Amino acid sequence: MIFKAVGAGRPYPDHGRDGVGDWSDVPPRQVRLDELVTTKRTLDLDALLADDSTFFGDLFAHVVEYRGVLYLEDGLHRAVRAALQQRPILHARVLTVA
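Computed from a prediction, not measured in an experiment: that's the story for all the values here.

**A look at the pattern of salt bridges**
- Applying the stated criterion across every chain yields a total of 3 salt bridges.
- Between Asp34 and Arg32 there is a salt bridge, with the nearest N and O atoms lying 2.9 Å from each other.
- You can call Arg32 partly exposed: its relative accessible area is 37%.

See the structure below:
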């Protein structure tokens, strides 16, 4: 299993960070893929295969930590790409929500 679980939706309260710039003050760190719960069940294959998939967005995935669980909010294509390259770790901005 690549991820801890595959979810559908965000089980945590709204954190008010909608744009890439809203996440810029959250420092990136390494997270293990097998500790992540996805918030999306489907992956856009174009995003996975695109050479410039991170050109217009954040270089780091966005993860929300809620009640001790790490939810992959944005960057599913980065995480799958890391898994395909046999890398168990992803660099992500991790926001803790109470």
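**Quick notes on the nonpolar core**
- Membership of the largest hydrophobic core comes to 15 residues, with the highest contact counts inside it found for Phe3, Val31, Leu33, Leu36, Val63, Leu72 and Leu90.
- Looking at this core, the elements with two or more residues in it are β4 (61-66), β5 (69-74), α2 (76-84) and β6 (89-97).
- The leading source of residues in this core is α2, at 4 residues.
- Other than its neighbours up to four places away in sequence, Leu36 contacts Phe3, Lys4, Ala5, Val31, Val63, Leu70, Leu72 and Leu90.
- Counting 10 residues, the second largest nonpolar core, distinct from the first, contains Trp23, Val37, Val69 and Val97.

**Considerations on the environment of Asp34**
- Examined against the element boundaries, Asp34 turns out to sit in the loop between β2 (28-32) and β3 (36-38).
- With a relative accessible area of 36%, Asp34 lands in the partly exposed category.
- Remark: the alpha-carbon pair of Asp34 and Phe3, spanning 31 residues in sequence, is separated by 4.3 Å.
- A distance of 2.9 Å separates a polar atom in the side chain of Asp34 from a polar atom in the side chain of Arg32.

**Structural notes on the pairing of β6**
- Pairing analysis gives 5 bridges linking β2 to β6, with the strands arranged antiparallel. For Pro28, the partnering residue across the bridge sits in β6 and is Arg93.
- Two elements, β4 and β6, share 6 bridges in a ladder whose sense is parallel. Note that in β6 the partner of Glu65 across the bridge is Thr96.

Thresholds, definitions, all that
Residues numbered from 1 in each chain as written. Predicted model: local features only at pLDDT ≥ 70, side-chain atom pairs only at ≥ 80, totals over all residues. Heavy atoms only, no water. Salt bridge = Lys/Arg side-chain N within 4 Å of Asp/Glu carboxyl O. Buried < 20%, exposed > 50% of the residue type's maximum accessible area, 1.4 Å probe, protein only. Core = buried A, V, L, I, M, F, W, Y, C linked by side-chain atoms within 4.5 Å. Helix = DSSP H or I, 4+ residues; strand = E, 2+ residues; numbered from the N terminus. Contact = heavy atoms within 4.5 Å. Polar contact = N/O pair within 3.5 Å; in protein donor to acceptor, adjacent residues only side chain to side chain. Pairing = 2+ DSSP bridges.

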